[in-house]
Amino acid sequence: MADDAVSTPFHDLSAYAALPRVSSLVLSPDGARLVATVSVLSTDEKSYVSSLWEVDVAGERPATRLTRSTKGESAPAFSPDGGLLFVSDRPDPGDADGAEQAAGLWRLPAGGGEAERLVTRAGGVSGVGVAAEAGTVVVAAGVLPGAVDGDDTERRRERRDRSVSAILHTSARVRYWDHDLGPDEPHLLAVDGLTSPDLAVGLRDLTAEPGRALDEASFDVARDGRWLVTSWKVPHGHDEVRVQLRTADLVTGETRVLLDDERFSYEHPAISPDGRWVAAVRETRPTYDEPADLTLVVVPADGGQERDLLPDLDRWPGGPVWSHDGAAVLTTTDETGRGRIVRVDLGSGAVTALTGDDGVYAALQPSPDGSDLYALRTTVDEPATPVRLDPALPDQRPERLRGPAERPALPGTLTEVETTADDGCPLRAWLALPHGAGPERPAPMLLWVHGGPAASWNQWQWRWNPWLMVARGYAVLLPDPALSTGYGIDFHRRGWGTWGERPYTDLMAVTDAVVARPDIDAGRTAAMGGSFGGYMANWIATQTDRFTAIVTHASLWALDEFCGTTDLPAYWRSQFGDPLEQPDRYERNSPHRHAGRITTPMLVIHGDKDYRVPIGEGLRLYSDLVHHGVDATFLYYPDENHWILKPGNAAVWYDTVFAFLAHHVLGEEWRRPASL
């Protein structure tokens, strides 16, 4: 029952793929320029390419595009003189024809003109940190083990010429999400010479022989350019890691441990404007009995006792951002299917919610004079867009700025659903309804379970977008069951180590409440999910036949098998135990043990390059379904990972899901997608 009265980008996959996607925001040191990163479909429609756009801080002029190379630009950062630094593997005019390109550091002059490449190296560069006053620049870069000052050009050439791809591992972690770890080791390199007239740039290694300590590291450079702080992974037990905070002197190269506690990990450090303090996210180490919990802490920059900034706030904070004067720390939290910006006064400890529960915020950018706060705001029914707020006013509504992308028209409306779990716990969900749905025209319903599981259906999704399903006539139910964020640690604890119990009954309770509505067709329902949501889809299939079809993407199937093949087995064992010594949770929660119960038709989707949930899970699931005579279909991607990233493959993903659900839920004839 697709709504044909009004055409939106969600009625046409090509139009949806062409929508611009805003992903980051950075403010210049003088507060005059605001730059966003925007991804758009490439001209050949085979990938997404990012570019940098300037957003008018006054909200008057339309956004203007600053860069437009075919390779794209990312990681923008301003230097004190107003120059815009960024990372790109675009070719330099001085390169020889056919020269291999690696990501380099570029600068776009403050007054405009051509961008110039400042740093190039065989292994490329990634993240960028800049001292707001001194202009000192530090880049993150992959370096082969044993290289001096990050120079590994000859060794890379030798590996390439000899076609060597082997990686020698000496620590437990070998893969992460969608890529191998190594042979590069992440380093932090100081960029010297940027202020000299001849730009005789050199690189100085600040982190000699770090091993895997800087994998996914976050770092911050002090305003005076004399030191930095970074997260630093250290071994914990045989195959676990915890995260310290370490400082590095940018003059002497000396390093020291700032925060280290076997009970915690520390991430996202941020140095106060006066250089006296470091704020960071502190996470307790999860155990078999207790999930992790997060808070914000602050510690003197020269060492000492840390202080919990949020002892009474039962929500998990995002990375900290200092106010312009260092008197407060700003952060974000999830909040009952939405989000908030929170301000913590450093002196009094007072916690102020700057926003109501009206959206999810990211990329907080306080102005240098303290007058404004810029951020990206998103909701379930609106993509990320730049906004302006007051950095001290409580419970305010943000002012939308003229961003690089217009808000797309939607094919339906969003409403909220509330009910109660069988243990008395309040539950809620979003319900996206197609235009025209009502008692006279009830819509088929699709239960869509989020991934994570420490996540929430509280913001816009490009990868798994419910509005594409709404455009085809489905009401899409987006619940937050036990383990979701934004409801406090007790709500999360309800599902810890018992994925097939409380999260499942929560999902069924919300489903019961929604199918009782007169605008929902209770006889035509389906369920789907990816990652943790895929696990839940599999578990649902083994526990009930109430749904007429189930779609499962990148899903866990045999838990004991999964434990040893995922990229993070130590985290998995912290929650479910050692499968040899503590098999109980594996046996009680593994869907594969109930394969013979499944009668619902299932579409299985998996990518071969998925390292978080390895392809063996999808292969065994499909094999077990076929063996038990289940009506099963397998959509397999040899070159995709946990995410289906190529636009053509993403379109096939949706086309196949549309066809599968139309056949089993709507009773239409099966139509094989044309490209398959």
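Scoring rules and cut-offs
Residues numbered from 1 in each chain as written. Predicted model: local features only at pLDDT ≥ 70, side-chain atom pairs only at ≥ 80, totals over all residues. Heavy atoms only, no water. Pairing = 2+ DSSP bridges. Helix = DSSP H or I, 4+ residues; strand = E, 2+ residues; numbered from the N terminus. Salt bridge = Lys/Arg side-chain N within 4 Å of Asp/Glu carboxyl O. Buried < 20%, exposed > 50% of the residue type's maximum accessible area, 1.4 Å probe, protein only. Polar contact = N/O pair within 3.5 Å; in protein donor to acceptor, adjacent residues only side chain to side chain. Contact = heavy atoms within 4.5 Å. Axes fitted to C-alpha atoms, helices over the stretch in contact; angles between N-to-C directions. Parallel < 35°, antiparallel > 145°, perpendicular 65-115°, else oblique. Nonpolar A, V, L, I, M, F, W, Y, C, P; charged D, E, K, R; others polar.

Visitor: Could you clarify how one ought to interpret the sheet that holds strand E30 (residues 399-400) in this entry?
Guide: Within a sheet, each strand pairs with its neighbour through backbone hydrogen bonds, oriented either parallel or antiparallel. In space, the four strands of this open sheet follow the order E27-E28-E29-E30, with antiparallel pairing throughout. Each of the sheet's edge strands pairs with one partner strand only, and the pair in question is strand E27 (360-366) and E30. With two bridges joining them, strand E29 (residues 382-389) and E30 adopt antiparallel strand pairing. Bridge pairing links Arg388 to Glu399 in E30.

Visitor: Explain the pattern of salt bridges to me, please; I cannot follow it from the model alone.
Guide: Working definition: two side chains of opposite charge can pair if their charged atoms are close together. Summed over all chains, the structure comprises 47 salt bridges. A salt bridge links Asp184 to Arg156; its shortest N-O distance comes to 2.7 Å. On the criterion of sequence distance, the pair formed by Asp184 in the loop between strand E12 (179-180) and strand E13 (185-192) and Arg156 in helix H2 (residues 153-161) is long-range, its members being 28 residues apart. Overall, Arg156 belongs to the buried group, its relative accessible area being 15%. Put simply, Asp639 and Lys646 hold a salt bridge, and the shortest N to O gap is 2.6 Å. Of the residues examined, Lys646 reaches a relative accessible area of 37% and is grouped as partly exposed. A network of salt bridges, in which partner residues are shared, links Asp358, Arg377, Asp381, Glu382, Arg397, Arg400 and Arg407.

Visitor: Can you help me understand the side chain of Arg343 in this one?
Guide: Counting through the fold element by element, Arg343 comes out in strand E25 (residues 338-345). In this structure the side chain of Arg343 is engaged in a polar contact, spanning 2.9 Å, whose partner is the backbone oxygen of Pro391. Discounting chain neighbours no more than four positions away, the residues touching Arg343 are Ser323, Ala328, Val329, Leu330, Ala350, Val351, Thr352, Leu354, Pro391 and Ala392.

Visitor: What exactly am I supposed to notice about the packing of helix H5 (residues 502-515) against helix H6 (residues 532-543) here?
Guide: A pair of packed helices is captured by two measures, namely the crossing angle of their axes and the spacing between those axes. Contact pair H5 / H6: the axes reach a minimum separation of 11 Å and the direction vectors enclose 75 degrees. It follows from the interaxial angle that H5 and H6 lie roughly perpendicular. Residues Pro503, Tyr504, Leu507 and Met508 of H5 lie in contact with H6, whose contacting residues are Phe532, Met536, Trp539, Ile540 and Gln543. Broken down by class, the residue content of the contact of H5 with H6 amounts to eight nonpolar, one polar and no charged.

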